[in-house]
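Fold and contact review
Read off the chains here:
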Amino acid sequence: MDAGEERSDEAEGLRLIRAFLSLPPAKRAEVIAFVEELARAHAQPGEGEAASPT
């Protein structure tokens, strides 16, 4: 990845953070719950993998 792409990714990340922070608290909570659900779904153990205790 070249420097231009890195700066673009960084700028996009900052725009996303700014958009998140501009949301009202109830909407922020919805976004956090949605992302946590995605993370849980992505972290599901596959075939032959043990689940880690939480």
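We now turn to the structure provided with this report. (Residues numbered from 1 in each chain as written. Predicted model: local features only at pLDDT ≥ 70, side-chain atom pairs only at ≥ 80, totals over all residues. Heavy atoms only, no water.)

1. Some points on the overall build of the protein chain
Stated formally: Runs of E in the DSSP output that reach at least two residues are strands. Runs of H or I that reach at least four are helices, and both are numbered from the N terminus. Between buried and exposed lies partly exposed: a residue is buried under 20% and exposed over 50% of the maximum accessible area for its type, with that area taken using a 1.4 Å probe on protein chains only. Only the protein chains shown count as cover for residues, with accessible areas throughout obtained via the Shrake-Rupley method and a probe of 1.4 Å.
Scanning the protein chain from terminus to terminus reveals two helices and zero strands. Residues counted as buried form 0% of the 54 residues belonging to the protein chain. For the protein chain, the exposed surface amounts to about 5,000 Å²; the carbon and sulfur share of it is 60%.

2. So, the pattern of salt bridges
Worth spelling out the cut-off: One speaks of a salt bridge when a side-chain nitrogen belonging to Lys or Arg is within 4 Å of a carboxyl oxygen belonging to Asp or Glu.
A full pass over the atoms with the stated rule returns three salt bridges. The closest approach of N and O atoms between Arg15 and Glu12, which form a salt bridge, is 2.9 Å. One end of the pair, Arg15, and the other, Glu12, are both in helix α1 (residues 3–22), three residues apart, so they sit about a helical turn from each other. Taking the shortest distance from any N to any O, the salt bridge between Glu37 and Arg40 comes out at 3.2 Å. Here Glu37 pairs with Arg40, and both are found in helix α2 (residues 25–42), just three residues apart, close to one helical turn. On the basis of relative accessible area, Glu37 is assigned to the partly exposed category, the value being 45%.

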